[in-house]
Amino acid sequence: MNTHAMTMEDFRQEFLADHPDFDNHEQVVFRRLPEFGVDVIIAIHNTVLGPALGGARLWKYPTKAAALTDVLRLSSGMTCKNALAGLEFGGGKAVVIADPQRDKSPALLRAFARTVNDLEGRYISGEDVGLTPPDMDILAEVTPYVRGGTKGPAGDPSPFTALGVFEGMKEARRFKFDDERIAGLTVSIQGLGNVGWRVAEMLHEAGAKLVVSDIRGDRVKEAETAFGATAVDPEKSHRVEADIYAPCALGAIINDETVDEIAAPIVAGSANNQLAASYHGQLLAERDILFAPDYVLNAGGVICLARQDETGPEIESRVRSIARTLRKIFETAARENLPTSMVAGQMARSRLKHRAG
């Protein structure tokens, strides 16, 4: 007779082990904030390189299962992102399952910060979808395990994310067409959040023609006015006959339905986890579409958070080095006839293996 009583943690680990996106995560924390009717999930994927650093996403997920899938995928992506950016941090992520327009309040943010604090530094939070630099200031009132905010020397990390994406776009053009010029190119940007908007600004200033989409109609109208952009339905943005397709919204946008419809020769955007499954990277390669792995391209923000004691110009220099990492990935993928997504993963795992000894 088995007298072992399964604890809730045992149950959770057994449940998670069968989840398709569970990738030997070190710890997954589920926390209910009953006073708000809100659930929080924090996923710590890997701390070989250091404490897990990754943003918190406050979002109205359709189901808790969708939130769990997102946090598992995002946290493992942060491990690769931090490794390839040369940072001394592991990968982690948090999701707060709430409506940012209706539910977000200083009290809710402080309650989430207490959950972060309970992990005693194993997870360090930054901002992500649904959160802003002033929100990070509120978290910092409760826990020291937070990066970003309005008071640090680097400030808002989103311009650094956008810079990395812009530099990565030029590198992709240079590699595929031996021409990094942006002037005259058509770029389809899906998503005009903080990063997507800044990418649009930089492309417009460089002379690109923009096709834009977002679920917020007012944001699209602003882009039409500010950039002379052409609007398109978000579900059709990947079909635009463009020089670059830039997914800058939520993930899994390259999937079984869209992968054969992408009309651009280059995919380079800021969205996390753009590939719904790993084999979609292979399918892009077979179509001779150059994919700039998202966790390489969009690392500017986490570089800013990790190096928050440095000056803006110092951080900017580090962010521009993203292009060199991409070049190495592109060259290796071409030489070994492998998808760029696979090569990026191999490089990240190599650093982790070297550190683990």
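As a starting point, this report considers the structure included with it. (Residues numbered from 1 in each chain as written. Predicted model: local features only at pLDDT ≥ 70, side-chain atom pairs only at ≥ 80, totals over all residues. Heavy atoms only, no water.)

1. Brief notes about the pairing of strand 6 (residues 186-190)
Strand 6 sits mainly inside the fold: five of its five residues count as buried. Along strand 6, one buried face is formed by T186, S188 and Q190 and the opposite face, lined by V187 and I189, is buried too. In terms of strand pairing, strand 6 meets strand 7 (residues 209-213) through five bridges, oriented parallel. Paired with S188 across the bridge in strand 7 is V211. Traced from strand 6 through helix 6 (residues 194-205) to strand 7, the parallel crossover comes out right-handed. With four bridges joining them, strand 6 and strand 9 (residues 244-247) adopt parallel strand pairing. (Buried < 20%, exposed > 50% of the residue type's maximum accessible area, 1.4 Å probe, protein only. Helix = DSSP H or I, 4+ residues; strand = E, 2+ residues; numbered from the N terminus. Pairing = 2+ DSSP bridges. Right-handed = clockwise from strand over helix to strand, strands pointing away.)

2. Here we look at the sheet that holds strand 3 (residues 52-59)
As summarised here, the arrangement of the five strands in space is 1-2-4-3-5, forming an open sheet in which the pairing is mixed. Two strands in the sheet have a free side with no partner beyond their single neighbour: strand 1 (27-33) and strand 5 (123-127). With direction set aside, neighbouring strand axes in the sheet form an average angle of 20°. (Axes fitted to C-alpha atoms, helices over the stretch in contact; angles between N-to-C directions.)

3. Describing the pattern of salt bridges
Evaluation of the coordinates by the stated rule reveals 28 salt bridges. Of the charged contacts in the structure, one is a salt bridge between R307 and E310, with a shortest N-O distance of 4.0 Å. Using a relative accessible area of 26% as the deciding quantity, one classes R307 as partly exposed. Salt bridges sharing partners connect three or more residues here, namely E171, R174, E180, R327 and E331. (Salt bridge = Lys/Arg side-chain N within 4 Å of Asp/Glu carboxyl O.)

Shape descriptors only; they carry no functional weight alone.
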